[in-house]
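For reference, the chains in residue letters:
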Amino acid sequence: MCYNVYMIVLERVTKRYGKADETPALDNVDLNINPREMVVIVGSSGSGKSTLLKMITREELPDEGKITVGGIDYDTLAKKHIPHLRRRIGVVFQDFKLLPDRTVYENVAFALEIAGHTNAETQNIVPRVLDLVGLLDKMNKLPAQLSGGEKQRVAIARSVARQPRILIADEPTGNLDNKNTWEIVDLVKKINDLGTTVLFTTHNLEIVHRLNARTVRIEDGKIVADVPRGKVVK
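A few points on the structure. (Residues numbered from 1 in each chain as written. Predicted model: local features only at pLDDT ≥ 70, side-chain atom pairs only at ≥ 80, totals over all residues. Heavy atoms only, no water.)

**Observations regarding the overall build of the protein**
Item 1. Across its full length, the protein carries seven helices and ten strands.
Item 2. The C-alpha radius of gyration of the protein comes to 18 Å, within 12% of the 17 Å expected for a compact globule of 234 residues.
Item 3. Principal-axis analysis of the C-alpha atoms places the extent of the protein at approximately 55 × 40 × 35 Å.
Item 4. Burial statistics for the protein: of 234 residues in total, 48% are counted as buried.
Item 5. For the protein, contacts bridging at least 24 residues in sequence account for 71% of all contacts bridging at least 6.
Item 6. As displayed, the protein offers around 11,600 Å² of accessible surface, 47% of which is attributable to carbon and sulfur atoms.
Item 7. Measuring between centres, the 34 positive side-chain charges of the protein sit 3 Å from its 30 negative side-chain charges. (Helix = DSSP H or I, 4+ residues; strand = E, 2+ residues; numbered from the N terminus. Rg over C-alpha atoms; globule rule 2.2 N^0.38 Å. Buried < 20%, exposed > 50% of the residue type's maximum accessible area, 1.4 Å probe, protein only. Contact = heavy atoms within 4.5 Å. Areas by Shrake-Rupley, 256 points an atom, 1.4 Å probe, with all protein chains shown as cover. Lys, Arg positive; Asp, Glu negative; His and termini not counted. Charge placed at Lys NZ, Arg CZ, Asp CG, Glu CD.)

**So, unusual backbone geometry**
Item 1. For R36, which is not glycine, the phi dihedral falls at a positive 70°.
Item 2. Mapped onto the elements of the fold, R36 is located in the loop between β2 (26-33) and β3 (38-42).
Item 3. In the Ramachandran plot, E171 falls in the positive-phi region, its phi being about 50° despite a non-glycine side chain.
Item 4. By secondary structure assignment, the location of E171 is in the loop between β7 (166-170) and α6 (178-193).
Item 5. Take E171: its relative accessible area is 13%, and that puts it in the buried class.

**As for the packing of aromatic side chains**
Item 1. Under the defined criterion, the tally for this structure stands at zero aromatic pairs.
Item 2. Above the plane of the ring of F93 lies K97, whose end atom (NZ or CZ) is 5.0 Å from the centre. (Phe/Tyr/Trp six-rings, centres within 6.5 Å; stacked < 30°, edge-to-face > 60°. Lys NZ or Arg CZ within 6 Å of the ring centre and 35° of its normal.)

Have a look at this one:
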């Protein structure tokens, strides 16, 4: 499938969890993200960042507005097609979510198995993505035998194994020390350079500067700043 259809478009999106007179989680949000673009999303806790990501993965539906991802209109997307959509969107969390009783290889392979890949395809793909994240020599280790940074690398490998068009990195360095933080940031940049659209949420202004990407700031459910790549974010 051509990359140029994997634009993310939110038009006047509003999402409420409480009463009509309460501040919406998202309030009339307009956002366009181009294919292969990296966008850093910043904002305080409760600002609406997580709700925005759930809109894109279709875990939540807006109360108002329209969402289109990869040319797919979420208003008309049949429930049976949601798993296929989500296979095109990889998600990495700060708490890894690895299977503790499975090896590094098996954790990545499991994501491919549930997506319907054959054993031959899995045996071909898993070593390649583990090499990409620098863990080929750790494929037979269990998560308990890995450092925090290594666990996050496994989580990233699992997310990119299905070759998603979009990678959502939701506070991926939140549980990591300084050294591992920069290694993960550089790995996500590498994945973006290879052609994957990346949405990266963080509270860390140093990470924002290191990524040097377009930066969208959300506060109280509204986009209050949209800073182009190369501009200084304060």
